[in-house]
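Each chain is listed here by its residues.
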Amino acid sequence: MEAAKAKMGSEDVLRQTSRLASSSALLQILFRLITFGLNAFTLRYVSKEIIGIVNVRLMLLYSTVVFLAREAFRRACLSGSTRRNWTKTFNLLWTIVPLGVCWSVFLGWVWLDILEVPDENAVPYYNFGVVAFGLSAVIELLGEPFWVLAQVHLFVRLKVIAESLSIICKCFLTVILVVTYPHWGLYIFSLAQLLYTSVLVLCYIMYFMMFLGSPEATKKSFPVTRMISVLPNFGQDEEFVNWEEAKLTWSFFKQSFLKQVLTEGERYVMTFLNVLNFGDQGVYDIVNNLGSLTARFIFLPIEESFYVYFAKVLERGKDTRFQKQDDISMAAAVLESLLKLVLLIGLTITVFGYAYSQLALDLYGGSMLSLGSGPSLLRCYSLYVLLLAVNGVTECFTFASMCKEEVDRYNFVMLALSLVFLCMSYFLTYWQGSIGFIFANCFNMGIRIAHSIRYIHNYFAQTPYKPLKGLLISPLLLVVYVICGVAMGFSEVFLCCDKGWLARLIHVAVGALCFTATLATIFFTETKLIHFVKKHILSRYTKEVLK
């Protein structure tokens, strides 16, 4: 009876997690496509230099403050049951805000007084931009307790609607100001960034103001009943925070900066070492954003949602022999299917991305992107997406199951990787230009994948389960990928992209036929994966639409 209840519990978590991943991915695609089009429109009105300053330097300031202030707290507080002392969790989460203020002030000083300041005529209002982006980071941190509360309880619509609405507001304000006041320069993007974080935080606050204490919350026995309960509580006699969560947070915090360097390493090299001018930084960042669309649309929602699943189902640091075997079995099956899913998506992007990079850049940004190094950058990035996809799932499982001591040991691995990555980025960029950043990222991601694969292999060594089989695909499917890659490569040489629109349409038709053949082969060779997707992803999305 207990085993049956445990199995039902883990299956319920899996169903809700799958619903979160599928809804996040599919609904964000709809809203991000609007963003995609608006950004393509904006490219026609601003210079490469402004794009480089905003998307590389100022967004690096914002992402660094937010990441260093909250990432460790997120990972620690998402672990465990929904039934906990939420007062202590909220107290711990509110320490993010003063931490974020400190990081914002310190890094703002670095950005203003240490780094090279761009020419005021080419990029006006730089100082205001630094202050505005630092302030926007602090504003976003004010909503972190509400974000964690929503994520732990798998509030699907709230996360998707809040993020999508804030992105759309940011894009529309940017377009309006770019068209009407193009001389405002960085004022435009600074005001849009402040609007984005304000709308995002307000969405979470307004939702919980209506939800807490409502009949729906009472019916669900929601553990928090009043908005005042979310605020920090200094009056209780017991300990201010849960020290187990605090210790785990400290372990993740020591790792946070290292992971940020690995994630944003090329931007740090560009910002602090000046290996590229602001215009080249702008082109690289546009190509980087275009190449990472799939990572943001599909891989990131999958990673975030299934991190919650693995963290809830598995017990940190406990041997698999002493955990519930139904949970271990289901976790292994889910991990195997996820690995196969992201591997096939990544392979498809790599094969098709190589042949259609120049056409995509020409349609998106015109000759500014399609001429020069842009197509080569995007081709290399399509290979990086494959490694990014596999690493997202392997590290998702690794971080969800590691104990505190294992996380501490991994910090030393991350330190070594950070140093090697920075050195490789610097030298490869001087050797190969901006493509060197992608080569360095590929090397870094490959090492991280190897470490996570080793951990997963050891984790399941005492069980009959082999989830790493998800990284193997059928020989027939591999042959189809090779044939499609060769056919589309010839099509690009003879039909794209300076031979008129008819030739372009034929080139697109060749890709459509190859894509159809690839999907058909996947459908007939990967039946286990198709069943997983139908049961846990597509069915959840269909139910959401019907609701």
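Residues numbered from 1 in each chain as written. Predicted model: local features only at pLDDT ≥ 70, side-chain atom pairs only at ≥ 80, totals over all residues. Heavy atoms only, no water.

## Quick look at the overall build of the protein chain
Then comes step 1: Along the protein chain, the regular secondary structure elements total 21 helices and 0 strands.
Then comes step 2: A total of 547 residues make up the protein chain; the buried ones form 56% of that total.
Then comes step 3: Carbon and sulfur atoms make up 68% of the accessible area of the protein chain, which totals about 23,900 Å². (Helix = DSSP H or I, 4+ residues; strand = E, 2+ residues; numbered from the N terminus. Buried < 20%, exposed > 50% of the residue type's maximum accessible area, 1.4 Å probe, protein only. Areas by Shrake-Rupley, 256 points an atom, 1.4 Å probe, with all protein chains shown as cover.)

## Section: helix α5 (residues 126–141)
Then comes step 1: When the terminal C-alpha atoms of α5 are compared, their 23 Å separation across 16 residues agrees well with the 22 Å that a helix rising 1.5 Å per residue should span.
Then comes step 2: Tyr126, Gly129, Val130, Ala132, Phe133, Gly134, Ser136, Ala137, Val138, Ile139, Glu140 and Leu141 are the residues of α5 that are buried.
Then comes step 3: Buried residues along α5 sit against α2 (48–77), α4 (96–114), α6 (144–152) and α8 (186–211). (Expected span 1.5 Å × (residues − 1). Contact = heavy atoms within 4.5 Å.)

## Notes on helix α14 (residues 325–365)
Then comes step 1: Taking 1.5 Å per residue as the helical rise, α14 with its 41 residues ought to reach 60 Å, whereas the 53 Å between its terminal C-alpha atoms falls clearly short.
Then comes step 2: At Tyr356, α14 shows its largest kink, close to 60°.
Then comes step 3: With 30 of 41 residues buried, α14 lies mostly within the body of the structure.
Then comes step 4: Remark: Gly366 follows α14 within two positions and exhibits a positive phi of approximately 75°. (Bend = angle between axes of the 7 residues up to and from the residue.)

## Digging into the nonpolar core
Then comes step 1: Grouped together as the largest cluster of nonpolar side chains are 152 residues, with contacts concentrated most on Trp111, Tyr204, Phe208, Phe222, Phe310 and Phe397.
Then comes step 2: Take this core: its biggest share by element is 20 residues, from α14.
Then comes step 3: When residues are assigned to domains, this core turns out to be shared by domain 1 (46–271) and domain 2 (275–472), each giving three or more.
Then comes step 4: Here Phe222 is in contact with Leu149, His153, Phe155, Phe208, Phe211, Leu212 and Ala217, once residues within four sequence places are set aside. (Core = buried A, V, L, I, M, F, W, Y, C linked by side-chain atoms within 4.5 Å. Domains from an automatic or database assignment.)

## Points about the pattern of salt bridges
Then comes step 1: Here the structure, examined in full by the defined rule, presents 10 salt bridges.
Then comes step 2: For Arg74, the salt bridge is made with Glu144, and the minimal N-O distance between the two is 2.6 Å. Here Arg74, found in helix α2, pairs with Glu144, found in helix α6; they are 70 residues apart in sequence, far enough to count as distant. Each member of the pair, Arg74 together with Glu144, is buried.
Then comes step 3: Within this structure, Arg70, Arg74, Glu140 and Glu144 form a network of salt bridges that share partners. (Salt bridge = Lys/Arg side-chain N within 4 Å of Asp/Glu carboxyl O.)

## A short note on the packing of helix α16 (residues 374–401) against helix α18 (residues 435–459)
Then comes step 1: Closest axis-to-axis distance for the α16/α18 pair is 8 Å, and the angle between their directions is 25°. Viewed along their axes, α16 and α18 adopt a mutual orientation that is roughly parallel. Classified by chirality, the crossing of α18 by α16 is left-handed.
Then comes step 2: Among the residues making up the contact of α16 with α18, the classes are represented as 17 nonpolar, 7 polar and 2 charged. (Axes fitted to C-alpha atoms, helices over the stretch in contact; angles between N-to-C directions. Parallel < 35°, antiparallel > 145°, perpendicular 65-115°, else oblique. Left-handed = near helix turned anticlockwise from the far one by under 90°. Nonpolar A, V, L, I, M, F, W, Y, C, P; charged D, E, K, R; others polar.)

## Examining the packing of α2 against α8
Then comes step 1: Two elements in contact, α2 and α8, have axes separated by 11 Å at closest approach and are oriented at 35°. Judged by the sense of rotation from one axis to the other, the crossing of α2 with α8 is right-handed. Side by side, α2 and α8 meet where Ile50, Ile53, Val54, Leu58, Met59 and Tyr62 of the first sit next to Leu186, Phe189, Gln193, Tyr196 and Thr197 of the second.
Then comes step 2: A class-by-class count of the residues in the contact of α2 with α8 yields 9 nonpolar, 2 polar and no charged.

## Some remarks on the confidence of the model for the protein chain
Then comes step 1: With 86% of its residues at a pLDDT of 70 or more, the protein chain has an overall mean of 81.
Then comes step 2: By mean pLDDT, helix α1 (residues 2–42) is the weakest element of the protein chain at 59, and α5 is the strongest at 94.
Then comes step 3: In the model, residues 4–8 has pLDDT below 50 throughout and makes 3 contacts with residues more than four positions away in sequence or in other chains.
Then comes step 4: Taken together, the stretch residues 540–547 has pLDDT below 50 and engages in 12 contacts with residues farther than four places along the chain or on a different chain. (pLDDT = per-residue confidence, 0-100.)

## As for the state of the cysteines
Then comes step 1: Under the counting rule described, the total for this entry stands at 0 disulfides.
Then comes step 2: Here Cys171 is not disulfide-linked; the sulfur of Cys169 is the nearest cysteine sulfur, at 9.5 Å. (Disulfide = S-S within 2.5 Å.)

## A closer look at the environment of Thr174
Then comes step 1: Within the secondary structure layout, Thr174 lies in helix α7 (residues 156–180).
Then comes step 2: Using a relative accessible area of 8% as the deciding quantity, one classes Thr174 as buried.
Then comes step 3: For the pair Thr174 and Ile188, spaced 14 residues apart in the sequence, the C-alpha separation amounts to 6.1 Å.
Then comes step 4: At a separation of 2.7 Å, a polar atom in the side chain of Thr174 contacts the main-chain carbonyl oxygen of Lys170. (Polar contact = N/O pair within 3.5 Å; in protein donor to acceptor, adjacent residues only side chain to side chain.)

## Quick word on a nonpolar patch on the surface
Then comes step 1: Residues Val482, Val486, Phe490, Val493 and Phe494 make up a contiguous nonpolar surface patch of roughly 520 Å² in combined accessible area.
Then comes step 2: Topologically, Val486 is positioned in helix α19 (residues 475–495). (Patch = residues over 30% accessible without salt bridge, like charges linked within 9 Å, V, L, I, M, F, W, Y side chains within 5 Å.)

## Here we look at the packing of aromatic side chains
What characterises a pair of aromatic rings is the spacing of the ring centres plus the angle enclosed by the ring planes.
Then comes step 1: Applying the stated criterion across every chain yields a total of 22 aromatic pairs.
Then comes step 2: Members of the aromatic cluster, each reached through a chain of ring pairs, are Tyr309, Phe310, Phe397, Tyr455, Tyr459 and Phe460.
Then comes step 3: One cation-aromatic arrangement involves Arg379 over Tyr354; the distance from NZ or CZ to the ring centre is 5.5 Å.
Then comes step 4: Looking at Arg504, its charged tip hangs above the ring of Trp501, at a distance of 4.6 Å from the centre. (Phe/Tyr/Trp six-rings, centres within 6.5 Å; stacked < 30°, edge-to-face > 60°. Lys NZ or Arg CZ within 6 Å of the ring centre and 35° of its normal.)

## Details of the environment of Leu344
Then comes step 1: Looking at the secondary structure, you find Leu344 in helix α14.
Then comes step 2: Here the alpha-carbon distance between Leu344 and Thr518, two residues 174 residues apart in the chain, equals 10.0 Å.
Then comes step 3: Those residues in contact with Leu344 that lie beyond four places of it in its chain are Ile473, Leu477, Tyr481, Ile522, Glu526 and Leu529.

## A closer look at the side chain of Ser357
Then comes step 1: With respect to the element layout, Ser357 can be found in helix α14.
Then comes step 2: Exposure remark for Ser357: the relative accessible area of 1% places this residue in the buried category.
Then comes step 3: Within polar-contact distance, the side chain of Ser357 engages the backbone oxygen of Gly353 at 2.4 Å.
Then comes step 4: In contact with Ser357, other than residues within four places in its own chain, are Pro375, Leu378 and Arg379.

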